[in-house]
Amino acid sequence: MTAFRRRGRRTTDRIPPAAEGDELEWMDVFDELDEDTAEHVLRGGAEEIDPELRDVARVVAALRAGAAAEPVPEMSSALRARLRVGPDPVVVAHRRARRALVLAAACAAVVVALGIGAAQNRLPAGVQDAVSSTAEVVGLDVPSSDDRHAEEEDGAEDTRRGQGGGGPVGDVPSGGRDDGAAVGPLGEAGQPPPSTPGGAIPADPAGSGPAVPASPPDKVDEPAADPVGPPADVPSERVTGAPGADADANRDDAAKDKRAK
Amino acid sequence: MTSPGEPADLDRTVAEAQRGSVPAFEHLYRDLSPSVASYLRWNGVVDVESLTNEVMAQVHRNLGRFTGDSASFRSWVFTIAHHRMVDDRRASSRRPVVAEAEIQESAAVGDAEDDAVTRLSDGEVAALLDRLSPDQRDVLLLRIVADLSLEDVATALGKRRGAVKSLQHRALATLRRHLDREGETS
């Protein structure tokens with residue numbers, strides 16, 4: 001019943017019931033009531049407006065007069081006590097704002113740190129994977145922890161390859177001997193690097209290092225650049241290539257021939 | 001201490017009240033509380049003085065958060081008043097009711113004077129306002145009693161300016177129609 005009455009009341013408020021024959025007249029006035037006229041009426045300028053709206057202006061004037069004649073209400077004791085306390089400090093709002101600012105700055109710092117760490121693939125595996133998958137959603141390519149393992153494996157393989165003779169320059173110490181176990185770029189397995197003209201021996205088995213000048217040929221009987229000596233199965237003359245070595249070998253051969261005879 | 005009659009003075013008084021000046025707030029109270037009380041009274045609030053004090057207490061409490069000029073301060077105060085009035089209306093479930101006896105008495109006084117200069121009695125005005133929808137009445141009272149602009153009323157009621165303008169036109173048209181009808185019957 002109450003709802004029905006409320007609905008009925010609201011309907012009558014919004015759509016005023018029309019008396020006999022005055023619907024068109026009311027609508028005309030409503031349409032003609034432009035903003036300027038309404039402002040005149042609301043300011044109480046009854047003399048300047050349409051005589052038909054003069055009654056409305058009287059209502060407005062009565063409302064204005066009533067407001068002007070309204071006495072100042074007595075201030076309650078609660079309000080007086082309130083005045084002694086003063087307005088609520090705005091510091092509370094400032095403190096909240098500052099707290100929010102600090103929180104936002106901290107969040108930003110964390111995001112930046114995570115971003116940098118993730119871009120360099122230095123975060124713990126779980127965090128890295130989480131950041132990677134999150135960044136992938138927004139279209140950013142951030143490496144995951146799997147990529148890190150792959151990189152580590154590639155690095156280890158490169159290291160092994162370098163130690164095996166095919167590595168980069170400088171893996172083998174300068175002046176070191178080639179034991180023939182690995183194949184270098186300049187020689188086959190079991191063969192020493194070729195000597196340079198005039199007896200110079202490359203300092204680097206790889207052949208890229210600076211050549212070490214050999215001793216003068218007349219003073220060198222043994223390969224000075226190879227302190228360890230050639231492998232047992234390799235003739236010494238092939239290793240050194242010195243002219244004196246050939247004469248010794250010929251002498252040895254002649255002595256063997258004599259003994260055989 | 002200046003009197004808050006002019007906007008500049010009102011700005012200064014508000015600033016002093018925000019700094020905790022009791023005399024400044026008392027000036028604001030004297031300046032604004034009659035309008036607030038009138039707005040509440042036309043809206044059918046029974047205990048006008050008590051609710052006006054509550055409104056002004058809330059104004060004082062939230063004064064530190066207010067930013068703006070004198071016009072927006074007035075709008076801000078009436079926004080608080082409107083919200084408190086709505087709360088009171090909901091709590092008491094009362095609509096603006098004016099006793100029939102008061103209307104009859106006021107009408108009798110009005111009949112004795114010339115129509116051109118006769119002021120309508122409070123009872124007649126209240127009876128006319130009761131014909132309006134709550135929204136129409138709020139708009140009309142905020143425009144006339146609180147002396148707010150269309151924009152300020154829109155802000156206070158949380159409506160668009162166009163909606164407020166439409167409500168204002170309907171309210172004026174409704175008043176005119178009822179006044180015409182009463183004129184014909186009398």
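Above this text is the structure in question.
### Considering the overall build of chain B
(1) Moving on: The number of helices and strands found in chain B is nine helices and zero strands.
(2) Moving on: For chain B, the N- to C-terminal ordering of α and β elements is α-α-α-α-α-α-α-α-α.
(3) Moving on: Residues classed as buried in chain B amount to 45% of the 186 residues present.
(4) Moving on: Here the analysis covers contacts within chain B between residues at least 6 apart in sequence; of these, 59% occur between residues at least 24 apart.

### A few points about the environment of Ala119(A)
Residue and element names in this part refer to chain A.
(1) Moving on: Residue position: Ala119 is located in helix 6 (residues 91-119).
(2) Moving on: Given 15 C-beta atoms within 10 Å, Ala119 falls into the partly exposed group.
(3) Moving on: Between the alpha carbons of Ala119 and Ser132 there is a distance of 9.0 Å; along the sequence they are 13 residues apart.

### Observations concerning the packing of helix 2 (residues 22-42) of chain B against helix 3 (residues 48-61) of chain B
Residue and element names in this part refer to chain B.
(1) Moving on: Packing of helix 2 against helix 3 leaves a shortest axis separation of 9 Å and a crossing angle of 135 degrees. Taken together, the axis directions place helix 2 and helix 3 in an arrangement best described as oblique. In this structure, the crossing between helix 2 and helix 3 has a hand that is right-handed. Contact residues: Phe25, Tyr29, Ser33, Val36, Ala37, Leu40 and Arg41 in helix 2; Val48, Leu51, Thr52, Val55, Met56 and His60 in helix 3.
(2) Moving on: Taken together, the residues of the contact of helix 2 with helix 3 sort by class into nine nonpolar, three polar and one charged.

### Some remarks on the interface of chain B and chain A
(1) Moving on: Tallying the contact residues gives 43 residues for chain B and 42 residues for chain A.
(2) Moving on: Those elements that place two or more of their residues in the side of chain B that touches chain A are helix 2, helix 3, helix 6 (122-129), helix 7 (134-144) and helix 9 (161-185) of chain B.
(3) Moving on: Among the residues making up the side of chain B that touches chain A, the classes are represented as 19 nonpolar, 14 polar and ten charged.

### Quick word on the nonpolar core
When a protein is soluble and globular, its nonpolar side chains tend to lie buried together.
(1) Moving on: Within the largest apolar cluster, 67 residues are counted, with the highest numbers of intra-cluster contacts made by Val56(A), Val59(A), Val60(A), Leu63(A), Tyr39(B) and Leu40(B).
(2) Moving on: Residue contacts for Leu40(B): discarding those within four places in its chain leaves Val45(B), Val48(B), Leu51(B), Thr52(B), Ala81(B) and Met85(B).

### Examining helix 7 of chain B
The periodicity of an α-helix, 3.6 residues per turn, causes residues three or four places apart in sequence to face the same way.
(1) Moving on: Here helix 7 of chain B lies mainly inside the structure; nine of its eleven residues are buried.
(2) Moving on: All buried positions along helix 7 of chain B are accounted for by Gln136(B), Arg137(B), Asp138(B), Val139(B), Leu140(B), Leu141(B), Leu142(B), Arg143(B) and Ile144(B).

### Quick word on the packing of helix 4 (residues 54-68) of chain A against helix 6 of chain B
(1) Moving on: Interhelical geometry of helix 4 of chain A versus helix 6 of chain B gives an angle of 115 degrees and a closest axis separation of 10 Å. Once helix 4 of chain A is placed against helix 6 of chain B, the crossing between them reads as left-handed. Between helix 4 of chain A, through Val59(A), Ala62(A), Leu63(A) and Gly66(A), and helix 6 of chain B, the contact on the second element is made entirely by Asp122(B), Val125(B) and Leu128(B).
(2) Moving on: Across the contact of helix 4 of chain A with helix 6 of chain B, the residue classes tally to five nonpolar, one polar and one charged.

### Remarks on the environment of Ala126(B)
All names here are of chain B.
(1) Moving on: Tracing the backbone shows Ala126 in helix 6.
(2) Moving on: We classify Ala126 as buried; it has 23 C-beta atoms within 10 Å.
(3) Moving on: Separated by 83 residues in sequence, Ala126 and Asn43 have C-alpha atoms that sit 8.6 Å apart.

Rules behind the numbers
Residues numbered from 1 in each chain as written. Chains lettered and ligands numbered in written order. Predicted model: local features only at pLDDT ≥ 70, side-chain atom pairs only at ≥ 80, totals over all residues. Helix = DSSP H or I, 4+ residues; strand = E, 2+ residues; numbered from the N terminus. Buried ≥ 20, exposed ≤ 12 C-beta atoms within 10 Å, placed from the backbone. Contact = placed C-beta atoms within 7 Å. Axes fitted to C-alpha atoms, helices over the stretch in contact; angles between N-to-C directions. Parallel < 35°, antiparallel > 145°, perpendicular 65-115°, else oblique. Left-handed = near helix turned anticlockwise from the far one by under 90°. Nonpolar A, V, L, I, M, F, W, Y, C, P; charged D, E, K, R; others polar. Core = buried A, V, L, I, M, F, W, Y, C linked by C-beta atoms within 7 Å.

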